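# Inside the fold
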Amino acid sequence: MSLTNMLSTERRDCAELNRFRMTQLLVEKLSDRDAVIGGIGNTNFDLWASGQRERNFYMLGSMGLASAIGMGVAIAQPERRTYVLEGDGSLLMQLGTLGTLAASKAKNLAVIVWDNGVYQITGSQQTLTSGFVDLVGVARACGIGKSYWAKDEDSFSRIIEQTRVEDGPWLIGVRTDGEKPAGVTERDPSKIRQRFMQAIAS
């Protein structure tokens, strides 16, 4: 089956996937040089639980800025593939970033949006994506041509493989469940920053 046939054009047609499992699947496909920016809350908790890497940056308290930080890394180091893990609530807070991502034309950047339709860490209040806002459609309208919904686990895996060999920027929407995170990130911002900066400087 071709990748095109495995993609979905709408969130509602996608399988509900486990965020931690999908995070693990991504990490398994990374090279040692790849940078990963984990957005706040459960997004970076699952990244931490998937195995600590020096080139992982774990966001603490800066809601909506993971994509902007990832774009900065991708532009500064165009030979390094950069992945951003973002939640739907966080991306909704900084939608303007999508237009800037498109304008950047960062070939080495892929943003993955875990969309469970709620602000899970603050009490599971519904986000706008639970109703009528389609973040993949918004990204495409902003000029990110490679914006897709992963229909199921196989299609997510195939899309990630494509990001390894094709230019971006990419935005990948993944409909996720409401499971609790698999761990909790070490909450030492200075240590996280210093370790990441040293790693990507090498």
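Structure's up top.
A short tour of the structure in this document, coming up.

Definitions and limits used
Counting restarts for each chain: residues are numbered from 1 in the order of the written sequence. Given that this is a predicted model, residues contribute local features only at a pLDDT of at least 70 and side-chain atom pairs are listed and counted only at 80 or more, while totals for whole chains, interfaces and linings are drawn from all residues. Excluded from the side-chain calculation are hydrogens and water; included are all heavy atoms of the structure. Accessibility here uses a 1.4 Å probe with only protein chains present; expressed as a share of the type maximum, an area under 20% marks a residue as buried, one over 50% as exposed, and anything in between as partly exposed. Where helices and strands are cited, they refer to DSSP runs of H or I of at least four residues and of E of at least two residues respectively, numbered from the N terminus. Residues are treated as being in contact if the distance between any of their heavy atoms lies within 4.5 Å. Side-chain atoms alone can form a polar contact between residues adjacent in sequence; in general such a contact is a pair of N or O atoms within 3.5 Å, and within protein one must be able to donate a hydrogen while the other accepts it. Salt bridges, as used here, are contacts in which a Lys or Arg side-chain nitrogen is within 4 Å of a carboxyl oxygen on Asp or Glu. Take the buried residues of types Ala, Val, Leu, Ile, Met, Phe, Trp, Tyr and Cys, join any two whose side-chain atoms come within 4.5 Å, and each joined set is a nonpolar core. Any Phe, Tyr or Trp ring, taking Trp's six-membered ring, that has another such ring centre within 6.5 Å forms a pair; planes under 30 degrees apart are called stacked, those over 60 apart edge-to-face, and the others tilted. Two strands are said to pair when DSSP picks up at least two bridges between them. Handedness of a crossover is defined as follows: orient the strands so they point away from the viewer, and if the path from the first strand over the helix to the second runs clockwise, the crossover is right-handed.

Residues spaced three or four apart along an α-helix face the same direction, because each turn holds 3.6 residues. Taken residue by residue, helix H2 (residues 19-29) has Arg 19, Met 22, Thr 23, Leu 25, Leu 26 and Val 27 as its buried positions. Turning to H2, the residues buried within the fold contact helix H3 (42-49), strand S4 (82-87), strand S5 (109-115), helix H8 (153-165) and strand S9 (170-175). The backbone nitrogen of Phe 20 has a side-chain oxygen 3.3 Å away, supplied by the residue at the start of H2, namely Asn 18.

On to the pattern of salt bridges. If charged atoms from side chains of opposite charge come close, those side chains can pair. Applying the stated criterion across every chain, the model contains eight salt bridges. Taking the shortest distance from any N to any O, the salt bridge between Glu 28 and Arg 21 comes out at 3.9 Å. Looking at Glu 28, the relative accessible area reads 59%, which means it is exposed. With a relative accessible area of 31%, Arg 21 lands in the partly exposed category. Across the salt bridge formed by Glu 161 and Lys 29, the nearest N and O atoms sit 3.0 Å from each other. Taken together, the positions of Glu 161 in helix H8 and Lys 29 in helix H2 put the pair 132 residues apart, joining distant regions of the chain. A network of salt bridges, in which partner residues are shared, links Arg 21, Glu 28 and Glu 153.

All right, on to the nonpolar core then. In terms of nonpolar packing, the biggest core is built from 51 residues, with Ile 37, Leu 109, Ile 112, Phe 156, Leu 171, Ile 172 and Val 174 touching the most fellow members. Of all the elements, S5 adds the most residues to this core, at six residues. Leave out the neighbours within four places in its chain, and Val 174 touches Leu 17, Met 22, Ile 112, Val 113, Trp 114, Asp 115, Trp 149, Ala 150 and Phe 156.

Bringing unusual backbone geometry into the picture now. Look at the link from Gly 168 to Pro 169: it is a cis peptide, with omega at 10°. When you line up the elements, Pro 169 lands in the loop between H8 and S9. The phi dihedral of Lys 105 falls on the positive side, at around 55°, and the residue is not glycine. For Lys 105, the position within the fold is in the loop between helix H6 (96-104) and S5.

All told, the structure shown has four aromatic pairs when counted by the stated rule. Where Phe 57 meets Phe 196, the ring centres are 5.3 Å apart and the plane angle is 55°; that geometry is what we call tilted. On the criterion of sequence distance, the pair formed by Phe 57 in strand S3 (residues 56-58) and Phe 196 in helix H9 (residues 189-201) is long-range, its members being 139 residues apart. Across this residue pair, the class does not change: Phe 57 and Phe 196 are buried.

The next subject is the pairing of S9. Extensive coverage of S9 is indicated by the burial of five of its six residues. Note that S5 and S9 share six bridges and pair parallel. Within S9, the residue paired with Ile 112 across the bridge is Ile 172. Where strand S8 (residues 146-150) and S9 come together, four bridges link them in parallel fashion. Bridging from a neighbouring strand, Ser 147 pairs with Leu 171 of S9. On the question of chirality, the crossover connecting S8 to the parallel S9 by way of H8 is right-handed.

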